[in-house]
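Geometric and topological summary
Next come the chains, spelled out residue by residue.
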Amino acid sequence: MNAVQKVAQYLAEARASEDALVRVLQSQIAMAPAGSFRSGLERHLEETRHHSEQLSRRLGELDAGGGPVAAAVSTIEGVVGQALALGKTPLDLLRGSSGEEKVLKNAKDAAASEALEIATYTAIERLARSVGDDTTAEMAAGIRAEEERMLAAVMAEIPALTDAVAAAELHDDPSYDVTRTGAADAVRAAARTTRERAKKTATATKRTVRQARKVPGVAQAEGRVKGAVAEAPDLAIARYDDLTAEEIVTRLAGVSQIELAKIDTYERRHANRTTVLSRITSLRGEEPWPGYDEQTAAQISAQLADGDPGQAERVRAYERAHKDRAGVLKAAERHLARA
């Protein structure tokens, strides 16, 4: 591998990471309440998209002569790109006992991720300068500066987010409000769009709303990422390593999709028991809507009242395969009966 190909390798790895972060930032924004932390995530989402574009453009420039760089990049992204993308993901939306703690743990993961990015672009700059590629070096330095600003912003949020956890879990004074999250804002925006377009075509409007509520694969991707670095105390099932396969299997039905994916990856790294992995496979599936797994039966029933029959059908099928909550199933059946 020559110098240009080595620089291309580092750039391709960084691009795979940035592309993964775009997807996960969208998901974390959906779960974050309105405020400075969410605003920072939204700003960094746009920066991250720009970083990926810069990296792609530079890779194209390095390959202007044709051939070798493209081949190297293809090999990198085909063999290790996906692993790098998953390893970069900093989020686990459904970890923690309260909404406040979930947001705090996401912020801590984000801080670790930003530190990794800073190291990545420091290495790219250093390598590029060592081979006389000042253009790549300057680009890496510029991206690193934005990652450093994001890390500082996240670290500045940690004290307030920690205080919110203490208030909620130690003093019974919660502040997390699911109705103020990015997901709730998106649903309200979709509803407004629905009302505005209803006069033109009801069918097209309903399709728009369904699409607005759907984020395919995000939960499972995040779970796989976290499982790759998780320890037993990070899992949703307490004392995981002390339990038999049969004991774990009985606890899996009530676990969220993110946690199922995390447990799957953790299990494969450790005991790799077929009984556990087979049960996880049977439980895997998309939530009826983003954030469903963390909602109470009352919240789900309320949302069903504003939904369509297709939504109620998805809820019924998902509940029967997972938590099997009588109240949710009854609400879904009522909605389907009226349809």
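Residues numbered from 1 in each chain as written. Predicted model: local features only at pLDDT ≥ 70, side-chain atom pairs only at ≥ 80, totals over all residues. Heavy atoms only, no water.

For the protein, the mean per-residue pLDDT works out to 81, and 78% of the residues sit at or above 70. Least confident of the elements in the protein is helix 7 (residues 202-212), whose mean pLDDT is 42; most confident is helix 5 (residues 134-170), at 95. Considering only residues more than four positions removed or in separate chains, one finds that residues 78-94, a stretch of pLDDT under 50, has 52 contacts. Confidence over residues 202-216 falls short of pLDDT 50; this stretch has 20 contacts with residues more than four positions distant or in other chains. (pLDDT = per-residue confidence, 0-100. Helix = DSSP H or I, 4+ residues; strand = E, 2+ residues; numbered from the N terminus. Contact = heavy atoms within 4.5 Å.)

Here the focus is the side chain of glutamate 287. Relative to the elements of secondary structure, glutamate 287 occurs in the loop between helix 11 (274-283) and helix 12 (297-305). A relative accessible area of 16% means that glutamate 287 is categorised as buried. One polar contact links the side chain of glutamate 287 to the main-chain amide nitrogen of tyrosine 292, over a distance of 3.1 Å. (Buried < 20%, exposed > 50% of the residue type's maximum accessible area, 1.4 Å probe, protein only. Polar contact = N/O pair within 3.5 Å; in protein donor to acceptor, adjacent residues only side chain to side chain.)

Considering all chains together, one arrives at 18 salt bridges under this definition. Residue arginine 129 pairs with glutamate 125 through a salt bridge whose shortest N-O separation is 3.4 Å. You can see arginine 129 and its partner glutamate 125 sitting in helix 4 (residues 99-130), four residues apart, about one turn around the helix. Exposure remark for arginine 129: the relative accessible area of 36% places this residue in the partly exposed category. Given a relative accessible area of 16%, glutamate 125 falls into the buried group. (Salt bridge = Lys/Arg side-chain N within 4 Å of Asp/Glu carboxyl O.)

The biggest cluster of nonpolar side chains holds 18 residues, and the ones touching the most others in it are Leu41, Ala107 and Val154. Elements supplying a minimum of two residues to this core: helix 1 (3-31), helix 2 (36-62), helix 4 and helix 5. Look past the residues within four positions of alanine 107 in its chain and what remains in contact with it is Gln28, Phe37, Val154, Ile158 and Leu161. Counting residues in hydrophobic clusters, the runner-up holds 16 residues, among them Leu235, Tyr240, Leu243 and Val255. (Core = buried A, V, L, I, M, F, W, Y, C linked by side-chain atoms within 4.5 Å.)

Along the chain, the position of alanine 34 falls in the loop between helix 1 and helix 2. Between the C-alpha atoms of alanine 34 and glycine 182, which are 148 residues apart in sequence, the distance is 7.0 Å.

Compared with an ideal rise of 1.5 Å per residue, which puts 37 residues at 54 Å, helix 5 spans 53 Å between its outermost C-alpha atoms and is within 8% of the ideal. Where helix 5 bends most, the angle comes to about 30°, and this point is isoleucine 158, followed within four residues by the proline proline 159. Phi turns positive one or two residues past the end of helix 5, at aspartate 172, with a value near 55°. (Expected span 1.5 Å × (residues − 1). Bend = angle between axes of the 7 residues up to and from the residue.)

Pairs of aromatic rings are described using the distance from one ring centre to the other and the angle between the two planes. The tally for this structure, following the rule as stated, stands at two aromatic pairs. With 5.6 Å between their ring centres and 85° between their planes, tyrosine 240 and tyrosine 266 make a pair best called edge-to-face. On the criterion of sequence distance, the pair formed by tyrosine 240 in the loop between helix 8 (218-229) and helix 9 (245-251) and tyrosine 266 in helix 10 (residues 257-269) is long-range, its members being 26 residues apart. One exposure class covers both tyrosine 240 and tyrosine 266, and it is buried. With a centroid separation of 5.4 Å and an interplanar angle of 85°, the aromatic rings of tyrosine 292 and tyrosine 318 are classed as edge-to-face. Residue tyrosine 292 is found in the loop between helix 11 and helix 12, and its partner tyrosine 318 is found in helix 13 (residues 309-321); the two are separated by 26 residues along the sequence. Of the two residues, tyrosine 292 and tyrosine 318, both sit in the buried class. (Phe/Tyr/Trp six-rings, centres within 6.5 Å; stacked < 30°, edge-to-face > 60°.)

To continue, consider the environment of glutamate 114. On the secondary structure map, glutamate 114 appears in helix 4. Of the residues examined, glutamate 114 reaches a relative accessible area of 3% and is grouped as buried. Measuring from C-alpha to C-alpha, the distance between glutamate 114 and arginine 149 comes to 9.4 Å, with 35 residues separating the pair along the chain.

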